[in-house]
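Structural description and commentary
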Amino acid sequence: MTVDLLLGLQWGDEGKGKIVDVLTSNYDIIARFQGGPNAGHTLEFDGIKHVLRTIPSGIFHEKSINIIGNGVVIDPVVFQKEIEGLEKFNLDIKKKLIISRKAHLILPTHRLLDAASEASKGKAKIGSTLKGIGPTYMDKTGRNGLRVGDIELEDFKERYRALADKHEAMIAFYDVAIQYNLAELEKEFFEAIEELKKLDFIDSEEYIYQAQKAGKSILCEGAQGSLLDVDFGTYPFVTSSNTTAAGACTGLGIAPNKIKEVYGIFKAYVTRVGSGPFPTELFDEVGATMAKIGNEFGSVTGRQRRCGWLDLVALKYAVQVNGVTQLMMMKGDVLSGFETLKVCTEYNYKGKNISHFPYNIEPENVTPVYKEFKGWQADLTGMTTYDQLPIELKEYIEFIEKEVEVPIKIVSVGPDRKQTILK
């Protein structure tokens, strides 16, 4: 029996989907523990790109069972479209995918509330993806929410109506102009609910407990990244759930002492989507080149990602908070061709050099302190062994390992599952 975690260590978009896809053949169960449909996992194999939003990345592997845990929020409409998008692959979705009854539902009015709230903030907006995720988590913690298990109750529609009416009153309070046809949105929602009912709902904490007793291996999959954690991220420019290792325990009902390996995924550089501080962000041609070569556009939103040099202060912080045991470096191939690379090793914080991640990393308080490295020119995308990698890249990897005191076990040199080098 083993329970391992797979987490992003930056602001999301680290390439978790690909690594889960590479690792899944080793596990019986893949379980998603938090987040909503704003977080797309991109998998690429056999020359085809696949984007998953809510469904765990193990869905393409024949033997794995995929669980959507209680910490996830589900939009039935988006979920139905995701299922329809998988139909061409002839997967036995009903057999391979099960859903926790305790997972919360995103209602159409949650999306409208999200839009109204963001519009009311003007220039102070946080860069929400407007998928209704924040308002759904607010209803969860405010003890108003509807859960998957409520669909099985006779009075589900009455419960829905009461909450939707409450939301409409809140939308009116924001006093912003948003256009919507709720009757149309509700028709689509209830049709999607009927599709959702075709899948098996489970008491996931019991299912997972029995799976552990039976000696099954479980991989817990997070969405977004550690620096977007509602507690430990760059608040308020964060998501609404715990994206760190602790979130796997509360999002699946797994005891902390059952967790073995914590795989931490990071890019060889850093990206961020939406608003919020980003100390190593590049505003020059180098940043634009990174974005272009790395195809840095959101897999769900299509938004262009901001790019910058690797930030070891932030990476060490994420490793520490999560108890990472193994690192996996993604997109090493994107840095090929740069004459010089920079790595942030410290922050100058209010005039003093520090190596820990402080409460506030806004640009008026923090200036990155860089160490320079010689770049490499070789094309990495066809390389298959660690020995083939250029010496400059090996030096870059070894420096990161020394600084964060955790080994890098995988180096990704391209988007395809075959472009993965084990160290």
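Residues numbered from 1 in each chain as written. Predicted model: local features only at pLDDT ≥ 70, side-chain atom pairs only at ≥ 80, totals over all residues. Heavy atoms only, no water.

1. Overview of unusual backbone geometry
Residue Pro236 is reached from Tyr235 by a cis peptide bond, and omega for that bond is 5°. Among the secondary structure elements, Pro236 is positioned in the loop between strand S10 (217–221) and helix H9 (245–252). Of note in the backbone geometry, Asn90 takes a positive phi value of approximately 55° without being a glycine. Along the chain, Asn90 turns up in the loop between helix H2 (76–86) and helix H3 (93–96). Even without glycine at this site, Asp175 takes up a positive phi of about 55°. Within the fold, Asp175 resides in the loop between helix H6 (156–174) and helix H7 (182–196). (Helix = DSSP H or I, 4+ residues; strand = E, 2+ residues; numbered from the N terminus.)

2. Comments concerning the pairing of S10
Of all five residues that make up S10, five are buried, and the element is covered over most of its length. Residue alternation in S10 divides its side chains into two sets, Ser217, Leu219 and Glu221 and Ile218 and Cys220, and both sets are buried. In terms of strand pairing, strand S1 (residues 2–8) meets S10 through five bridges, oriented parallel. Residue pairing for S10: Thr2 is matched across the bridge by Ser217. (Buried < 20%, exposed > 50% of the residue type's maximum accessible area, 1.4 Å probe, protein only. Pairing = 2+ DSSP bridges.)

3. Concerning H9
Across the eight residues of H9, six count as buried, placing the element largely inside the fold. Those residues of H9 that fall on the buried side of the exposure criterion are Ala245, Gly247, Ala248, Cys249, Gly251 and Leu252. Here the buried face of H9 lies against S1, strand S2 (29–32), helix H8 (204–213), S10, strand S11 (259–267) and helix H11 (312–322). Backbone geometry just downstream of H9 places Gly253 in the positive-phi region, at approximately 80°. (Contact = heavy atoms within 4.5 Å.)

4. Regarding the packing of helix H4 (residues 108–121) against H7
Across the interface, H4 lies against H7 with an axial gap of 9 Å and an inter-helix angle of 135°. Judged by the angle between their axes, H4 and H7 are oblique. For the pair H4 and H7, contact is made by Pro108, Thr109, Arg111 and Leu112 and by Leu182, Leu185 and Phe189, respectively. Classifying every residue of the contact of H4 with H7 gives five nonpolar, one polar and one charged. (Axes fitted to C-alpha atoms, helices over the stretch in contact; angles between N-to-C directions. Parallel < 35°, antiparallel > 145°, perpendicular 65-115°, else oblique. Nonpolar A, V, L, I, M, F, W, Y, C, P; charged D, E, K, R; others polar.)

5. So, the nonpolar core
Ranked by size, the top nonpolar core spans 74 residues in total, and within it Met329, Leu389, Tyr396 and Ile400 carry the most contacts. In terms of residue count, the dominant contributor to this core is H11 (seven residues). In contact with Leu389, other than residues within four places in its own chain, are Leu380, Met383, Lys394, Ile397, Val411, Val413 and Ile421. The next biggest cluster of nonpolar side chains, apart from the first, holds 31 residues, and it includes Val77, Leu105, Phe156 and Tyr160. (Core = buried A, V, L, I, M, F, W, Y, C linked by side-chain atoms within 4.5 Å.)

6. Description of the environment of Pro76
Position of Pro76 relative to the elements: it lies in helix H2. As a C-alpha pair, Pro76 and Arg303 span 227 residues in sequence and 23 Å in three-dimensional space. If we ignore the near neighbours within four places in the chain, the residues touching Pro76 are Leu105, Ile106, Phe189, Ala192, Ile193 and Leu196.

7. Structural notes on the UniProt feature "binding site: Mg(2+)" (unreviewed entry) in the chain
Those residues carrying the UniProt feature "binding site: Mg(2+)" (unreviewed entry) are Asp13 and Gly40 in this numbering. As for its placement among the helices and strands, Asp13 is situated in the loop between S1 and helix H1 (16–23). Judged by its relative accessible area of 25%, Asp13 falls in the partly exposed class. (UniProt positions renumbered as here; feature names shortened; annotations may be inferred.)

8. Here we look at the environment of Leu112
Tracing the chain through its elements places Leu112 in helix H4. In contact with Leu112, other than residues within four places in its own chain, are Ile171, Ile178, Tyr180, Leu182 and Leu185.

9. Description of the packing of H6 against H7
Running from amino to carboxyl end, H6 crosses H7 at an angle of 145°, the nearest separation of the two axes being 13 Å. As H6 packs across H7, the resulting crossing turns out to be right-handed. From H6, Phe156, Lys157, Tyr160, Arg161, Ala164 and Glu168 reach across to H7, where they touch Leu182, Glu186, Phe189, Phe190 and Ile193. When grouped by side-chain class, the residues that make up the contact of H6 with H7 number seven nonpolar, no polar and four charged. (Left-handed = near helix turned anticlockwise from the far one by under 90°.)

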